[in-house]
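# Structure assessment
Below, each chain spelled out in residue letters.
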Number of protein chains: 2
Amino acid sequence: MKPIYEVAARAGIDEEHLELYGKYKAKLNPSLTEEHKDRPDGKLVLVTAVNPTPAGEGKTLTTIGLAQALNALGTKTVAALREPSLGPCFGMKGGATGGGRAQIVPAEDINLHFTGDLHAISSAHNLLAAMIDNHVYHGNALRLDPKRIVWKRAVDMNDRGLRSIVTGLGAGNGLPQESGFLITSASEVMAVLCLSENAADLKERLKRIVVGYTTEGEAVTAGDLHAAEGMAILLKDAVKPNLVQTLDGTPVIVHGGPFANIAHGCSSVIGTKTALKLGDVVVTEAGFGAELGAEKFFDIKCRQAGLQPDAAVLVVTAKALKYNGGVPVKELGEENPEALKAGLGNMRRHLRNLRRFGVPVLAAVNRFAADPESELRLILDACAELGVPAELSDVWAEGAAGGEALARALLRALEQPSAYKPLYGLTPSLKDKIGTIVTELYGGSGVDYSPAASKALADFERRGFGGLPVCMAKTPYSFSDQASLLGAPEGFAVSVSRVSLSAGAGFVVVETGNTMTMPGLPKAPAAQRMTLEEDGTIEGLL
Amino acid sequence: MKPIYEVAARAGIDEEHLELYGKYKAKLNPSLTEEHKDRPDGKLVLVTAVNPTPAGEGKTLTTIGLAQALNALGTKTVAALREPSLGPCFGMKGGATGGGRAQIVPAEDINLHFTGDLHAISSAHNLLAAMIDNHVYHGNALRLDPKRIVWKRAVDMNDRGLRSIVTGLGAGNGLPQESGFLITSASEVMAVLCLSENAADLKERLKRIVVGYTTEGEAVTAGDLHAAEGMAILLKDAVKPNLVQTLDGTPVIVHGGPFANIAHGCSSVIGTKTALKLGDVVVTEAGFGAELGAEKFFDIKCRQAGLQPDAAVLVVTAKALKYNGGVPVKELGEENPEALKAGLGNMRRHLRNLRRFGVPVLAAVNRFAADPESELRLILDACAELGVPAELSDVWAEGAAGGEALARALLRALEQPSAYKPLYGLTPSLKDKIGTIVTELYGGSGVDYSPAASKALADFERRGFGGLPVCMAKTPYSFSDQASLLGAPEGFAVSVSRVSLSAGAGFVVVETGNTMTMPGLPKAPAAQRMTLEEDGTIEGLL
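Here the structure is a predicted model, which is why all the values come from computation and not from measurement.

Helix and strand counts for chain A stand at 18 helices and 26 strands. Split into buried and exposed, the 542 residues of chain A put 65% on the buried side. Excluding contacts between residues fewer than 6 apart, the proportion of contacts in chain A whose partners are at least 24 apart in sequence is 74%. As presented, chain A carries roughly 18100 Å² of accessible surface, and 51% of it is formed by carbon and sulfur atoms.

What follows covers the sheet that holds strand β12 (residues 210–214) of chain B. All names here are of chain B. If you walk across this open sheet you meet the 3 strands as β7-β12-β13, and the pairing is antiparallel. Where the open sheet ends on each side, the last strands, each with one partner, are β7 (144–149) and β13 (219–221). Taken pair by pair, the neighbouring strands of this sheet meet at an average axis angle of 50 degrees, ignoring direction. Sitting on the sheet, helix α6 (residues 117–137) is in contact with β7 and β12, with an inclination near 130 degrees to β7.

Attention now goes to the relation of the copies chain A and chain B. Superposition record for chain A on chain B: RMSD 0.0 Å, screw rotation 180 degrees, translation along axis 0.0 Å. What the superposition gives is, in effect, a two-fold axis relating one chain to the other. Residue Y21(A) of chain A places its C-alpha closer to the rotation axis than any other residue of that unit, at 2.2 Å. Comparing interface residues between copies, 100% of those in chain A also lie at the interface in chain B; the contact surface is shared.

With that settled, the discussion passes to helix α10 (residues 269–278) of chain B. Burial of α10(B) is extensive: 9 of the 10 residues sit out of reach of the surface. Within α10(B) the residues assigned to the buried category are V269(B), I270(B), G271(B), T272(B), T274(B), A275(B), L276(B), K277(B) and L278(B).

This brings us to helix α8 (residues 199–208) of chain B. An α-helix turns once every 3.6 residues. As a result, residues three or four positions apart point the same way. Those residues of α8(B) lying buried are D201(B), L202(B), K203(B), R205(B) and L206(B). Check the buried side of α8(B) and you find it contacts β25 (531–532) of chain A together with α7 (188–195), α9 (228–234) and α11 (290–305) of chain B. N-cap assignment for α8(B): the residue whose side-chain oxygen lies 3.1 Å from the backbone N of A200(B) is N198(B).

This paragraph deals with the environment of Q482(A). Residues and elements named next belong to chain A. Mapped onto the elements, Q482 comes out in the loop between β21 (470–473) and β22 (493–496). On the basis of relative accessible area, Q482 is assigned to the partly exposed category, the value being 37%. Along the sequence, Q482 and M518 sit 36 residues apart, while their C-alpha atoms lie 20 Å from each other. With residues up to four places along the chain from it excluded, the contact list for Q482 reads T475 and A493.

If you look at the interface, chain A gives 63 residues, while chain B gives 63 residues. Together chain A and chain B conceal approximately 5600 Å² of surface at their shared face, both sides included; 62% is due to carbon and sulfur atoms. For the pair chain A and chain B, the interface holds 4 salt bridges. For D109(B), the salt bridge goes to K236(A), with nearest N and O atoms at 3.2 Å. Our count for the chain A to chain B interface comes out at 31 residue pairs in polar contact (both at pLDDT 80 or more). Breaking the side of chain A that touches chain B down by element, the ones donating at least two residues are β1 (18–20), α4 (86–90), α6 (117–137), β8 (153–155), β9 (165–167), α8 (199–208), α9 (228–234) and β25 of chain A.

A few words on the packing of aromatic side chains. Evaluated as defined, the whole model comprises 8 aromatic pairs over all chains. Pairing F181(A) with F181(B) gives two aromatic rings, centres 5.1 Å apart and planes at 5 degrees, and the pair type is stacked. Residue F181(A) is found in strand β11 (residues 181–183), and its partner F181(B) is found in strand β11 (residues 181–183); the two belong to separate chains. Taken as a pair, F181(A) and F181(B) share a single burial class, namely buried. Relative to F357(A), the ring of F298(A) lies with its centre 4.4 Å away and its plane at 20 degrees, an arrangement referred to as stacked.

Our focus in this paragraph is the environment of P3(A). Structurally, P3(A) is set in the segment before α1 (4–10). Discounting chain neighbours no more than four positions away, the residues touching P3(A) are K23(A) and Y24(A).

Take the pattern of salt bridges next. All names here are of chain B. All told, the structure shown has 55 salt bridges over all chains when counted by the stated rule. The salt bridge involving R205 is made with D201; its shortest N-O contact spans 3.1 Å. On the criterion of helical spacing, the pair formed by R205 and D201 is a turn pair, its members being 4 residues apart in helix α8. Just as R205 is buried, D201 falls in that class too.

It is worth spelling out the side chain of T48(B) at this point. Looking at the element boundaries, T48(B) is found in strand β3 (residues 43–49). The buried category is assigned to T48(B), whose relative accessible area is 0%.

To continue, consider the sheet that holds strand β12 (residues 210–214) of chain A. Residues and elements named next belong to chain A. Pairing within the open sheet is antiparallel, and its 3 strands lie in the order β7-β12-β13. Two strands in the sheet have a free side with no partner beyond their single neighbour: β7 (144–149) and β13 (219–221). Geometrically, the sheet is characterised by an average inter-axis angle of 50 degrees between neighbouring strands, direction not taken into account. With 3 bridges connecting them, β12 and β13 associate as antiparallel partners. The partner of G212 across the bridge, within β13, is V220.

A separate point is the nonpolar core. Counting 303 residues, the largest nonpolar core has M347(A) and M347(B) as the members making the most contacts within it. Excluding residues that lie within four positions of it along the chain, M347(B) makes contacts with V50(B), L314(B), V316(B), L321(B), I379(B), A382(B) and C383(B).

A separate point is the pairing of strand β22 (residues 493–496) of chain B. Residue and element names in this part refer to chain B. Burial along β22 is one-sided: V494 and V496 are buried, and none of A493 and S495, which face the opposite way, are. Examined bridge by bridge, strand β20 (residues 446–449) and β22 share 4 bridges and lie parallel to one another. Residue pairing across strands places D448 opposite S495, the latter belonging to β22.

What follows covers the packing of helix α17 (residues 430–442) of chain A against helix α18 (residues 451–462) of chain A. Residues and elements named next belong to chain A. One can describe the packing of α17 onto α18 by two numbers: an axis separation of 9 Å at closest approach and a directional angle of 120 degrees. Put simply, α17 runs oblique to α18. Taking contact as the criterion, the partners of L430, K431 and I434 in α17 are, on α18, S454, L457, F460 and E461. Its residues placed into classes, the contact of α17 with α18 shows 4 nonpolar, 1 polar and 2 charged.

Further remarks concern the domain arrangement of chain A. Residue and element names in this part refer to chain A. The domains assigned to chain A are domain 1 (40–79 + 248–414), domain 2 (128–234) and domain 3 (430–512). Spacing between the C-alpha centres of domain 1 and domain 3 amounts to 25 Å. On the domain 3 side, the residues contacting the 25 residues of domain 1 number 26 residues. The junction of domain 1 with domain 3 conceals about 2100 Å² of combined surface from both sides, 60% of it contributed by carbon and sulfur atoms. Taken together, domain 1 and domain 3 are joined by 3 salt bridges.

All names here are of chain A. Mapped onto this numbering, the UniProt entry gives "binding site: ATP" (unreviewed entry) at T53, P54, A55, G56, E57, G58, K59 and T60. P54 gets classed as exposed once you look at its relative accessible area, which sits at 52%. Each residue touching P54, except ones within four places of it in the same chain, is listed here: Y323 and V329. Checked against the element boundaries, G58 lands in the loop between β3 (43–49) and α3 (59–72). Its relative accessible area of 23% is what places G58 among the partly exposed residues.

Let's shift gears to unusual backbone geometry. All names here are of chain A. A cis amide bond, omega 0 degrees, links V105 with the succeeding residue P106. With respect to the secondary-structure elements, P106 resides in the loop between β6 (102–105) and α5 (107–111). Despite not being glycine, H226 has its phi angle at roughly 55 degrees, a positive value. Within the element layout of this structure, H226 appears in the loop between β13 and α9.

This next bit is on the environment of H138(B). For H138(B), the position within the fold is in the loop between α6 and β7. Counting along the chain gives 389 residues from H138(B) to A527(B), while the straight-line C-alpha distance between them is 41 Å. Excluding residues within four positions of it along the chain, H138(B) makes contact with R160(A), L521(A), P522(A) and K523(A). In this structure the side chain of H138(B) is engaged in a polar contact, spanning 3.4 Å, whose partner is the backbone nitrogen of K523(A).

This part covers empty space enclosed by the protein. Applying the stated criterion to the full structure yields 4 cavities of 30 Å³ or more. Approximately 390 Å³ is the volume found for the largest cavity. Along the walls of the largest cavity sit 31 residues, with Y21(A), T115(A), G116(A), T115(B) and G116(B) positioned nearest its centre. Counting residues per element, the ones that place at least two in the lining of the largest cavity are α5 and α6 of chain A together with α6 of chain B. There is about 210 Å³ of room inside the second largest cavity. In terms of lining residues, the second largest cavity is bounded by 19 residues, among which S122(A), V155(A), S122(B), N126(B) and V155(B) are the most central.

Quick notes on the rules
Residues numbered from 1 in each chain as written. Chains lettered and ligands numbered in written order. Predicted model: local features only at pLDDT ≥ 70, side-chain atom pairs only at ≥ 80, totals over all residues. Heavy atoms only, no water. Helix = DSSP H or I, 4+ residues; strand = E, 2+ residues; numbered from the N terminus. Buried < 20%, exposed > 50% of the residue type's maximum accessible area, 1.4 Å probe, protein only. Contact = heavy atoms within 4.5 Å. Areas by Shrake-Rupley, 256 points an atom, 1.4 Å probe, with all protein chains shown as cover. Pairing = 2+ DSSP bridges. Axes fitted to C-alpha atoms, helices over the stretch in contact; angles between N-to-C directions. Least-squares fit on C-alpha atoms with pLDDT ≥ 70 in both. Polar contact = N/O pair within 3.5 Å; in protein donor to acceptor, adjacent residues only side chain to side chain. Buried area = accessible area lost by both parts, 1.4 Å probe. Salt bridge = Lys/Arg side-chain N within 4 Å of Asp/Glu carboxyl O. Phe/Tyr/Trp six-rings, centres within 6.5 Å; stacked < 30°, edge-to-face > 60°. Core = buried A, V, L, I, M, F, W, Y, C linked by side-chain atoms within 4.5 Å. Parallel < 35°, antiparallel > 145°, perpendicular 65-115°, else oblique. Nonpolar A, V, L, I, M, F, W, Y, C, P; charged D, E, K, R; others polar. Domains from an automatic or database assignment. UniProt positions renumbered as here; feature names shortened; annotations may be inferred. 1 Å grid on protein atoms, 1.4 Å probe; cavity = no way out; pocket = protein on both sides within 12 Å on 5 of 7 lines; lining within 4 Å. Points joined across faces, edges and corners; volume = space filled by probe spheres on them.

Right, dumping it as structure tokens:
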């Protein structure tokens with residue numbers, strides 16, 4: 001690892017703009033944005049993927065490796081990634097910092113507390129929760145209806161016991177009410193931080209957060225409770241983007257980590273815009289598969305922030321396509337070109353979808369060591385049939401060198417003009433927007449609404465929120481809302497069970513099925529297998 | 001403010017041992033301890049106070065100012081303080097960083113997230129909670145009795161609604177059970193961190209934490225759940241002491257902030273021992289009044305850690321003594337020598353008590369601008385009668401200069417030999433130890449135990465924990481367990497309602513009355529009056 005000020009210098013960042021967190025992490029002060037405000041922006045490239053599968057697609061890995069490869073080719077490139085959440089690190093999976101020779105470092109620090117952003121977000125979230133409860137306890141001047149408080153609490157831990165709780169039991173202990181905890185990534189405060197332009201915008205968004213309704217049905221906001229300033233104070237450092245590096249010293253901004261279901265699943269706008277001033281190319285990613293993450297990247301993040309994306313890269317693997325072609329997880333290691341062909345429809349639909357956003361599209365075939373050449377050939381041929389440039393990517397094993405072909409293809413794609421446009425306009429009704437996504441992008445036949453969802457959508461329109469974009473919460477495993485419908489399903493209707501308002505983030509969350517906002521730990525959590533050695537070495541975290 | 005590496009250099013700390021957190025905060029790496037291990041220790045001075053009152057005594061202020069004054073006199077001095085908790089900052093009071101010209105800086109950062117230690121402690125605490133619930137959910141191989149789980153969850157926020165909750169409601173959401181949240185300072189993990197000698201000791205103590213009992217009545221520990229390694233990983237940076245500075249550049253170690261009731265209320269052993277290698281004198285403090293904080297400092301912290309304290313300074317104010325003499329809070333500004341005389345008994349008992357620990361004792365009369373000279377004279381005279389050196393301290397208004405007389409008196413006291421000894425030995429029974437504290441120190445007539453407390457004490461003895469020291473949880477406002485018994489009450493019995501085991505920290509908590517482990521917010525919390533200005537300035541936090 002190089003000292004972070006050297007990485008910063010390579011990215012043209014003067015030391016005065018750095019706030020060091022140890023030798024290898026730094027926050028970037030707003031003074032940097034001020035200094036760079038007249039610089040032209042670099043090109044913005046989104047890395048997305050086919051529907052996720054248990055085999056893993058390597059989206060973060062490819063994003064990191066592609067940035068490394070571009071730099072190795074002499075194109076000044078910065079990656080912009082999401083911050084990992086503590087909960088999953090101690091639960092099922094390892095870190096979220098890439099792997100092999102395409103990693104960001106210091107990986108352990110990034111996966112643990114990093115620079116404290118998620119803790120600050122939890123604190124701001126929970127300050128608001130405490131102030132709501134306290135307001136009702138001390139006289140309830142705003143006439144908040146205790147049964148219509150929608151703000152829960154947040155913790156960055158996988159703890160299923162906190163999903164559904166009753167608080168305020170016992171004399172003098174506040175308000176007895178049904179409540180629960182979200183994992184911090186699912187907090188609207190996280191989405192707000194990720195979509196804010198700067199600290200002032202952050203505060204205005206915090207003020208707009210709707211925490212509940214009065215007995216007369218009027219919305220009550222964090223601003224009404226005078227909570228937004230305190231929350232903004234808790235977030236004053238968290239709002240600054242974090243700089244780290246890849247194994248080969250490529251600068252990487254890691255900032256913000258919103259859930260890709262209840263939120264928009266993209267790294268922060270501030271981080272992305274900072275990166276665009278630093279790099280000629282910025283490679284970023286969005287959560288889950290392209291029908292969720294990329295759609296929200298284009299329709300929410302880019303639109304709100306006025307970003308002009310220049311290309312999209314779809315990560316695909318042989319295993320993922322075989323899985324989509326019906327092969328069980330345990331048999332994915334076996335050669336099975338017929339199944340792969342059957343699964344190609346998933347990739348084709350994602351590629352066609354991405355083109356609808358007006359950007360040049362290419363495919364990155366993330367290679368695993370044991371992948372049969374014949375299967376990889378089938379994928380490349382399918383892309384060629386669609387006229388989509390496709391390259392093998394071997395960045396896990398080879399780092400920058402393994403991504404060189406992909407990087408060259410991307411640079412060619414970036415010579416084409418981009419005509420980015422969102423999938424839907426903001427003027428149509430919320431139901432029209434949802435309908436467009438389901439029929440045009442998912443390939444579904446229509447949308448069924450629960451009576452509660454229909455009523456709430458009408459209510460949001462009446463309150464003046466009809467012009468917001470929608471944020472779909474759906475199983476990531478299928479184009480549909482049913483995890484088992486793999487490949488490229490057709491003729492399905494999507495069922496909307498529940499909708500909720502994120503007025504601070506600026507979208508309406510549309511839940512299909514039961515959206516999980518607090519994961520649980522598996523039977524043998526990763527935490528049980530970790531060790532901290534005497535010399536400080538950590539085993540089992542990554 | 002000087003860059004922290006300059007402050008470090010002044011304290012003889014090479015830059016290689018620093019882990020920077022911005023320009024003005026740093027963590028000290030264990031390599032420093034290694035380098036300094038053969039250095040002689042400095043002298044250790046405890047600053048404590050009469051019973052706290054609503055008027056404020058200025059214990060932290062005096063600790064800071066005294067360290068400044070000693071340095072100004074040419075005695076190399078380091079202060080060792082506790083870390084503030086976020087909860088109270090947003091609730092009732094301002095920060096915990098001193099005031100006037102005796103402050104530690106950067107005060108706002110220290111009062112907010114600082115270097116993330118409290119967040120790390122919350123995370124480690126909550127990882128254990130999640131692993132307990134998860135263990136029971138996934139088959140409960142250890143046969144943990146769901147009704148005898150004693151480990152709650154923790155959050156660093158004043159949130160009364162979380163004191164008493166029911167978790168795990170709804171299908172698939174874990175185990176329905178009564179539970180609650182502590183504020184993080186009340187977590188045993190905080191006490192463990194503060195009493196640990198190093199990272200290896202920390203891990204061993206974490207393993208010993210008792211989380212509940214099996215259906216057969218056997219204790220189940222964090223070690224049994226294989227949770228200690230993951231917790232230690234989350235605490236790997238939190239265990240390193242933090243270096244900051246006073247307004248005049250005196251080095252200050254701020255590390256650990258355990259509650260002074262359910263825990264021992266002293267800054268960390270690691271921080272104190274580090275300071276002792278850096279300064280010829282180390283000034284530290286303990287929570288609440290001397291009968292609680294100082295007692296635990298001597299009987300728990302110094303004994304466990306093998307520290308040899310060299311002197312104790314009792315902070316006293318005219319207002320506090322008038323309050324103890326029966327004057328209502330609103331009339332404390334008025335001259336009232338008779339009331340002050342009536343309250344002197346409180347100071348006298350604390351001074352006599354402190355002498356029992358074998359250390360030289362002196363009094364610091366913390367002066368407020370409007371204090372009548374005649375009242376201050378009465379205090380100084382009363383000290384003289386006891387043969388206790390006493391000096392006025394004016395460090396709020398004058399910084400180091402205002403503490404010069406006190407510092408000179410302390411240096412004279414430090415020329416005397418110290419014959420530190422704890423109040424009680426560890427061999428007697430737990431009840432004998434409690435009895436000694438109540439009768440010898442509090443001035444009470446005896447102890448009444450609830451049947452549950454008696455049963456639990458017998459149980460702890462049977463399990464082999466009879467040799468632990470006791471950690472008294474009691475109202476801080478009186479020598480007794482009744483807040484209204486001011487001054488120097490006599491003839492009272494202390495009622496022990498509940499006892500609990502902190503096997504990781506290494507003490508038995510003895511609760512008299514209802515120990516508050518989660519504060520609430522006041523009607524108009526400080527958070528409502530705070531503002532974050534465009535230029536980053538924070539109003540209303542300090």
